[in-house]
Amino acid sequence: GAVVSQHPSWVICKSGTSVKIECRSLDFQATTMFWYRQFPKQSLMLMATSNEGSKATYEQGVEKDKFLINHASLTLSTLTVTSAHPEDSSFYICSAEGPRNEQFFGPGTRLTVL
Amino acid sequence: QKEVEQDPGPLSVPEGAIVSLNCTYSNSAFQYFMWYRQYSRKGPELLMYTYSSGNKEDGRFTAQVDKSSKYISLFIRDSQPSDSATYLCAMKTGANSKLTFGKGITLSVRP
């Protein structure tokens, strides 16, 4: 299957700082990527849909000014958590739409805000 | 009624058993169907993907889709302890559309 990578895999930051997470499709181009967050033992929660070259579409209740998404190329989307606070600590996972409309997920990024 | 209903768990089976996982859905617009396996603290791994009714086999895994009855199944043959994970069914209506997930079922395969 196709490979999606995320960087970093784990980040710890101080409250008030911003953190950028990268999502890359390594062996295919992805017009559409998705960002999720997941709390322990809970389901994936879609945060936003990222389309290359256009503004992201955010799900209801997700603050677009807090979670900045940029999809500047067909292989890279970034999520920036601005002014992070402890309640933003979570597991963030991206996915990319493959050439046959399937979705491949990245390995996830664990964010801990102190 | 939720769009996608997945059999609740957890599920515990002995090694070598055949496992059957099921999901039903209500939205007839769903056209693409996926099964994912997720280990703790990892991203979901795509196991099976299909967009037509019928069976699709890949190694020990068989995915079954019945669009007329609106249900999908995943069968795991000769289950192994390494299959212990959470299994998610997911589906979507078209290209570039978001996935709708089942709640997931935690499978434990006992050695």
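What counts, and at which threshold
- Sequence positions are assigned chain by chain, starting from 1 and proceeding in written order.
- Going through the entries in the order they are written, you letter the chains from A and number the ligands from 1.
- Totals for whole chains, interfaces and linings use all residues, but because this is a predicted model, local features are given only for residues with pLDDT of at least 70 and pairs of side-chain atoms are given and counted only at 80 or more.
- Hydrogen atoms and water are omitted, and side-chain values are computed over all heavy atoms in the structure.
- Salt-bridge detection follows one rule: a side-chain nitrogen of Lys or Arg within 4 Å of a carboxyl oxygen of Asp or Glu.
- Put simply, DSSP H or I for four residues or longer makes a helix, DSSP E for two residues or longer makes a strand, and each gets a number counted from the N terminus.
- Relative accessible area decides the class of each residue, using a 1.4 Å probe on protein chains only: under 20% of the type maximum gives buried, over 50% gives exposed, and in between gives partly exposed.
- Only centres within 6.5 Å qualify two rings of Phe, Tyr or Trp (six-membered ring in Trp) as a pair; their planes then separate them into stacked at under 30 degrees, edge-to-face at over 60, and tilted for everything else.
- In this scheme, strands are said to pair when DSSP sees at least two bridges between them.
- Helix axes are fitted only over the stretch in contact, all axes being lines through C-alpha atoms; the angle between N-to-C directions runs from 0 to 180 degrees.

Caption draft 1: Layout of the pattern of salt bridges. Summed over the entire model, instances satisfying the criterion amount to 9 salt bridges over all chains. Close ionic contact of A:Glu97 with B:Lys92 constitutes a salt bridge, the shortest N to O distance being 2.4 Å. You can see A:Glu97 sitting in strand S9 (residues 90-97) and its partner B:Lys92 sitting in strand S9 (residues 85-92), one on each of two chains. Summarising the burial analysis for this pair, A:Glu97 and B:Lys92 share the class buried. Its salt-bridge partner being B:Asp83, residue B:Arg60 comes within 2.9 Å of it at the nearest N-O pair. Of the two residues, B:Arg60 is situated in the loop between strand S6 (54-58) and strand S7 (61-66) and B:Asp83 in the loop between strand S8 (71-76) and S9; the sequence distance between them amounts to 23 residues. Among the residues examined, B:Arg60 registers a relative accessible area of 26% and is labelled partly exposed. The exposure class of B:Asp83 is buried, given its relative accessible area of 0%.

Caption draft 2: How the structure looks around the packing of aromatic side chains. Taken as a whole and assessed by the stated rule, the structure comprises 12 aromatic pairs over all chains. Measuring from centroid to centroid gives 6.0 Å for A:Tyr36 and B:Phe101, while their planes differ by 80 degrees, and the two rings are edge-to-face. You can see A:Tyr36 sitting in strand S4 (residues 32-38) and its partner B:Phe101 sitting in strand S10 (residues 100-101), one on each of two chains. A:Tyr36 gets classed as buried once you look at its relative accessible area, which sits at 1%. Connected via pairs of aromatic rings, a cluster forms that spans A:Tyr36, A:Phe105, B:Tyr36 and B:Phe101.

Caption draft 3: Layout of the sheet that holds strand S8 (residues 76-81) of chain A. Residues and elements named next belong to chain A. Taken in spatial order, the 4 strands of this open sheet run S1-S3-S8-S7, and their pairing is antiparallel. With partners counted over all chains shown, the strands left at the sheet margins are strand S1 (4-7) and strand S7 (67-73), one partner each. Ignoring which end each strand starts from, the neighbouring axes of this sheet average 15 degrees apart. Summarising the sheet, strand S3 (residues 19-25) and S8 pair through 6 bridges and their orientation is antiparallel. Bridged to Arg-24 within S8 is Leu-76.

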